[in-house]
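Notes for the structure review
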Amino acid sequence: QSALTQPPSASGSPGQSVTISCTGTSSDVGGYNYVSWYQQHPGKAPKLMIYEVSERPSGVPDRFSGSKSGNTASLTVSGLQPEDEADYFCSSYAGSNNRVFGGGTKLTVL
Amino acid sequence: QVQLQESGPGLVKPSQTLSLTCTVSGGSISSGAKYWTWIRQHPGKGLEWIGYIYYTGSTYYNPSLKSRVTMSVDTSKNQFSLRLSSVTAADTAVYYCASEGPSHSGYDYWGQGTLVTVSS
């Protein structure tokens, strides 16, 4: 399977909103509601931010939201804060017990 | 709170086998509610799913690595392991163990990651 496609970078000023896309195919993102998003700060392990397209784990601020349309999933970060600066990765179930990740997006808070 | 900890050699010679173990604490690996997973991240790159093992021993591997990957589980020690054979420099990466919740609900717990370098 091929990696999901994410923009390499995104940016926004504090307080603004930014949306990161994750594009796959009908065999992964478009075929299942099993998209998850991860935040990774430098030198740290990834942290689950969104699962099943739009569900937030306990403790994740509601500034983080997820959605999906067709073969593209999106993560929106509202009210950007300095600590949101990190790498973000998407992941999707890809059928036949396979999983696939996106290449990652570096979010910069200006 | 479930915690995961990777352990194993940080340096492996080309053509040899990489072996890592993940120790789970704060929960039972046999609870049946998790898929115990290995994920790697090449330096400065994205994440790559290697595969997972269920507590029963059932495994599923990334098709691109399947011929070289073996995973096992030791429920008595609350551990699961990864073996990757015939390694090359392209296998140099940070290796993470993680747990995936039921119904593909994301990787909710992660180890801190361990860097494995393939070099002679």
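Below you will find a few notes about this structure.

How each quantity is defined
Residue numbers here run from 1 along each chain, matching the order of that chain's written sequence. Note on labels: chains are lettered from A, ligands numbered from 1, in written order. Given that this is a predicted model, residues contribute local features only at a pLDDT of at least 70 and side-chain atom pairs are listed and counted only at 80 or more, while totals for whole chains, interfaces and linings are drawn from all residues. Water and hydrogen atoms play no part in the side-chain values, which are based on all heavy atoms of the structure. Only DSSP runs of H or I reaching four residues or more are called helices, and only runs of E reaching two or more are called strands; each is numbered from the N terminus. Note on method: radius of gyration uses C-alpha positions; expected globular size equals 2.2 Å times residues raised to 0.38. Note on exposure labels: buried denotes an accessible area under 20% of the residue type's maximum, exposed denotes more than 50%, and partly exposed covers the range between, all computed with a 1.4 Å probe on protein chains only. Residues are treated as being in contact if the distance between any of their heavy atoms lies within 4.5 Å. Note on areas: Shrake-Rupley with a 1.4 Å probe; residue coverage comes only from the protein chains shown. The charge count includes Lys and Arg as positive and Asp and Glu as negative, but it does not include His or the ends of the chains. Charge positions come from single atoms, namely NZ of Lys, CZ of Arg, CG of Asp or CD of Glu. Any two strands with at least two DSSP-identified bridges between them are counted as paired. Working convention: axes come from line fits to C-alpha atoms, limited for helices to the stretch in contact. Angles between N-to-C directions cover 0 to 180 degrees. Take the accessible area each of two parts loses on contact, using a 1.4 Å probe, and add the two losses: that sum is the buried area. The salt bridge criterion pairs a side-chain nitrogen of Lys or Arg with a carboxyl oxygen of Asp or Glu, the two atoms within 4 Å. Each polar contact in these results corresponds to two N or O atoms within 3.5 Å; when the atoms are within protein, one needs to be able to donate a hydrogen and the other to accept it, and residues that are neighboring in sequence are counted only if both atoms are side-chain atoms. Just so you know the grouping, Ala, Val, Leu, Ile, Met, Phe, Trp, Tyr, Cys and Pro go in nonpolar, Asp, Glu, Lys and Arg go in charged, and all remaining residues, Gly too, go in polar. Side-chain rings of Phe, Tyr and Trp, where Trp is taken by its six-membered ring, are said to pair if the distance between their centres is within 6.5 Å; with planes under 30 degrees apart they count as stacked, over 60 as edge-to-face, and otherwise as tilted. Throughout this description, the term charge over a ring refers to an Arg CZ or Lys NZ atom that lies within 6 Å of the ring centre and within 35 degrees of the ring normal.

Moving on, we get to the overall build of chain A. A count of helical and extended segments in chain A gives zero helices and nine strands. For chain A, the α and β elements follow one another from N to C terminus as β-β-β-β-β-β-β-β-β. Taken against the 2.2 N^0.38 rule, which gives 13 Å for 110 residues, the C-alpha radius of gyration of chain A at 13 Å falls within 12% of a compact globule. If you line up chain A on its principal axes, its C-alpha atoms span 40 × 25 × 25 Å. Put simply, chain A has 110 residues, and 46% of those count as buried. For chain A, the share of sequence-separated contacts (at least 6 apart) that also reach a separation of at least 24 residues comes to 57%. When the accessible surface of chain A is split by element, carbon and sulfur atoms take 44% of a total near 4800 Å². Mean positive and mean negative side-chain charge positions of chain A (7 and 8 charges, respectively) differ by 3 Å.

Before going further, it helps to examine the sheet that holds strand 8 (residues 79–84) of chain B. All names here are of chain B. Taken in spatial order, the four strands make up an open sheet running 1-3-8-7, and their pairing is antiparallel. The sheet is open, and its two borders are formed by strand 1 (3–7) and strand 7 (69–74), each paired with just one other strand. Taking the axes of each pair of neighbouring strands and ignoring which way they run, one obtains an average angle of 20° across the sheet. Relative to strand 8, strand 3 (residues 18–25) is paired through six bridges, and the arrangement is antiparallel.

As a further point, take the interface of chain B and chain A. A common way to report how large an interface is uses the accessible area buried once the components associate. On the chain A side, the residues contacting the 24 residues of chain B number 20 residues. Summing both partners gives a buried area of about 1700 Å² for chain B against chain A, and 59% of it is carried by carbon and sulfur. The tally of links from chain B across to chain A stands at one salt bridge. In this structure, B:Glu100 engages A:Arg99 in a salt bridge whose closest nitrogen and oxygen atoms are separated by 2.9 Å. Linking chain B with chain A are eight residue pairs in polar contact (both at pLDDT 80 or more). Secondary-structure elements contributing two or more residues to the side of chain B that touches chain A are strand 4 (35–41), strand 5 (47–53), strand 6 (59–61), strand 9 (93–100) and strand 10 (107–110) of chain B. The residue inventory of the side of chain B that touches chain A, partitioned by class, reads 11 nonpolar, nine polar and four charged.

In this section: the packing of aromatic side chains. Any aromatic ring pair is given by two values, namely how distant the centres are and how the planes are angled relative to each other. Applying the stated criterion across every chain, the model contains 16 aromatic pairs over all chains. A centroid spacing of 5.7 Å and a plane angle of 70° characterise the contact between A:Tyr38 and B:Trp110, whose relative ring orientation is edge-to-face. Placement of A:Tyr38 in strand 3 (residues 35–40) and of B:Trp110 in strand 10 is noted, with the two residues assigned to different chains. Just as A:Tyr38 is buried, B:Trp110 falls in that class too. For the pair B:Tyr35 and B:Tyr54, a centre-to-centre distance of 5.5 Å together with 35° between the ring planes defines the contact as tilted. Taken together, the residues span a long stretch of sequence, with B:Tyr35 in strand 4 and B:Tyr54 in the loop between strand 5 and strand 6 at a distance of 19 residues. Assessed through its relative accessible area of 22%, B:Tyr35 is described here as partly exposed. By the ring-pair criterion, three or more aromatic residues cluster together here, those being B:Tyr35, B:Trp49, B:Tyr52, B:Tyr54, B:Tyr55 and B:Tyr60. Cation over ring: A:Arg99 sits above B:Tyr35, and NZ or CZ is 5.6 Å from the ring centre.

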